[in-house]
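# Coordinate inspection notes
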Amino acid sequence: MELKRLLIVIAIGLLMMAFGVGFNISYFSDVAKSQGNTISTGDFDVDISKDGSRYHDDYKMFSFDNIKPGENRTFEFYIKNRGDYSVSRISVEFNVTDIEAGKLSSAEAEVDDTPDVGELSGEVRIVDFKVTTPKGENRVNAIIGKSLKEVNGTSFLIFEGSLDKNEVLKVSVTLQLSPSAGNECLTDEAKVGLSIYAEQ
Ligand SMILES: [Ca+2]
Ligand SMILES: [Ca+2]
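Here's what I pulled together on the structure shown here. Note that the structure is a prediction, hence the values are computed from the model and not measured.

## Considerations on the overall build of the protein
A count of helices and strands for the protein gives four helices and eight strands. Reading the helices (α) and strands (β) of the protein from amino to carboxyl end gives α-β-β-β-α-α-β-β-α-β-β-β. Buried residues in the protein amount to 26% of all 200 residues. Counting only contacts in the protein whose residues sit at least 6 apart along the sequence, the fraction spanning at least 24 positions is 77%. When the accessible surface of the protein is split by element, carbon and sulfur atoms take 52% of a total near 13,100 Å².

As structure tokens, this is what we get:
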């Protein structure tokens, strides 16, 4: 008799514990969870292309050989926003180096008294600089009319607005060797680098 009662008490005790645990589980399951939260930055990236199909960080755009006085040559390239943010401003900076490209030719030697310094960049003028955006076409008047020597080392704003993810600018640049370029430019070379800066 004593033993029977004891067993019952224990049984009731276990049931209460089971209830208690169940209550606790339902209480905790009511807590709304927020986990796996992250803060990260997207990529900010612009690249260039010669034809609008493949884009690169660094790419040779043109090589104008045997250009004659008075002749125009045009090169085109594309700038694409390949990052995750809109680009609000794009600038280009020219980096021009004059090279005498070997020995002075005999006609050149008569008028060129600087055998170590080339003369070509002072005689090559940017006669057009056109930027086609998704919204229209602009000319960069701050550049047009200047020689490569004059723009060397200077940064020019070529786009201001919103170039969104995957949008493209087309840039078309026409250079002219001055009609009055003299024999001091014969066989000279100018290396032209363009750095493109994009701002968020
Ligand atoms: Ca020279
Ligand atoms: Ca020269």
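## As for the coordination of the calcium ion (ligand 1)
Looking at the metal site, the calcium ion (ligand 1) is ligated by E100 (OE), D112 (OD), D112 (OD), T114 (O), T114 (OG1), V117 (O), E119 (OE) and E119 (OE), spaced 2.2 to 2.6 Å from it. Within one chain, the residues serving as donors to the calcium ion (ligand 1) are arranged as E-x11-D-x1-T-x2-V-x1-E. Between the calcium ion (ligand 1) and the calcium ion (ligand 2), the interatomic distance is 3.6 Å, and E100 donates to each metal, bridging them. One end of the pair, E100, is in the loop between β3 (87-99) and α2 (106-109); the other, D112, is in the loop between α2 and α3 (120-123), and 12 residues separate them in sequence.

## Details of the pattern of salt bridges
Between side chains of opposite charge, a pair can form as their charged atoms come close. In the structure shown here, the tally under the stated rule is 10 salt bridges. One salt bridge connects E71 with R73, and the closest N-O pair in it is separated by 2.7 Å. D84 is the salt-bridge partner of K165, the closest N and O atoms lying 3.2 Å from each other. Residue K165 is located in the loop between β6 (155-163) and β7 (168-177), and its partner D84 is located in the loop between β2 (72-81) and β3; the two are separated by 81 residues in the primary sequence.

## Considering the coordination of the calcium ion (ligand 2)
Distances from the calcium ion (ligand 2) to its protein donors, namely E100 (OE), E100 (OE), E108 (OE), D112 (OD), E119 (OE), E184 (O), D188 (OD) and D188 (OD), fall within the range 2.2 to 2.7 Å. Here the donor residues for the calcium ion (ligand 2) map to a single chain with the spacing E-x7-E-x3-D-x6-E-x64-E-x3-D.

## Focus on the layout of surface pockets
Which parts of space are left empty comes out when a probe the size of a water molecule is rolled across the atoms. In this structure, the largest pocket spans a volume of roughly 1,100 Å³. Lining the largest pocket are 37 residues, and of these F62, S63, F64, A190 and K191 lie nearest its centre. Contributions of two or more residues to the lining of the largest pocket are made by β1 (46-49), β2, β7 and β8 (189-199). Per-element accounting of the lining of the largest pocket gives the leading share, eight residues, to β8. For the lining of the largest pocket, the class distribution of residues is 22 nonpolar, seven polar and eight charged.

## Section: the side chain of S91
Along the chain, S91 turns up in strand β3. When its relative accessible area of 8% is taken as the criterion, S91 is described as buried. Every residue in contact with S91, bar those within four places of it in the chain, is listed here: S155, F156, L157, I158, S195, I196 and Y197.

## A few points about the pairing of strand β5 (residues 136-139)
Here strand β4 (residues 124-133) runs beside β5; their pairing, made up of four bridges, is antiparallel. Looking across to β5, one finds that V131 is bridged to N138. Counting the residues in the hairpin turn of β4 and β5 gives two residues.

## A look at the nonpolar core
Counting residues in hydrophobic clusters, the biggest one holds 31 residues, and the most contacted among them are I79, F94, I126, F129, I143 and I158. For this core, the elements supplying multiple residues, two or more each, are β1, β2, β3, β4, α4 (148-151), β6 and β7. Leaving out residues up to four positions away in the same chain, I143 has contacts with V92, F94, I126, F129, V151, F156 and I158.

## Quick look at the sheet that holds β2
Read from one edge of the open sheet, five strands run β1-β2-β7-β4-β5, paired in antiparallel fashion. Each of the sheet's edge strands pairs with one partner strand only, and the pair in question is β1 and β5. Geometrically, the sheet is characterised by an average inter-axis angle of 25 degrees between neighbouring strands, direction not taken into account.

What counts and what doesn't
Residues numbered from 1 in each chain as written. Chains lettered and ligands numbered in written order. Predicted model: local features only at pLDDT ≥ 70, side-chain atom pairs only at ≥ 80, totals over all residues. Heavy atoms only, no water. Helix = DSSP H or I, 4+ residues; strand = E, 2+ residues; numbered from the N terminus. Buried < 20%, exposed > 50% of the residue type's maximum accessible area, 1.4 Å probe, protein only. Contact = heavy atoms within 4.5 Å. Areas by Shrake-Rupley, 256 points an atom, 1.4 Å probe, with all protein chains shown as cover. Donors = N, O, S within 2.8 Å, 3.2 Å for Na, K, Ca; no water. Salt bridge = Lys/Arg side-chain N within 4 Å of Asp/Glu carboxyl O. 1 Å grid on protein atoms, 1.4 Å probe; cavity = no way out; pocket = protein on both sides within 12 Å on 5 of 7 lines; lining within 4 Å. Points joined across faces, edges and corners; volume = space filled by probe spheres on them. Nonpolar A, V, L, I, M, F, W, Y, C, P; charged D, E, K, R; others polar. Pairing = 2+ DSSP bridges. Core = buried A, V, L, I, M, F, W, Y, C linked by side-chain atoms within 4.5 Å. Axes fitted to C-alpha atoms, helices over the stretch in contact; angles between N-to-C directions.

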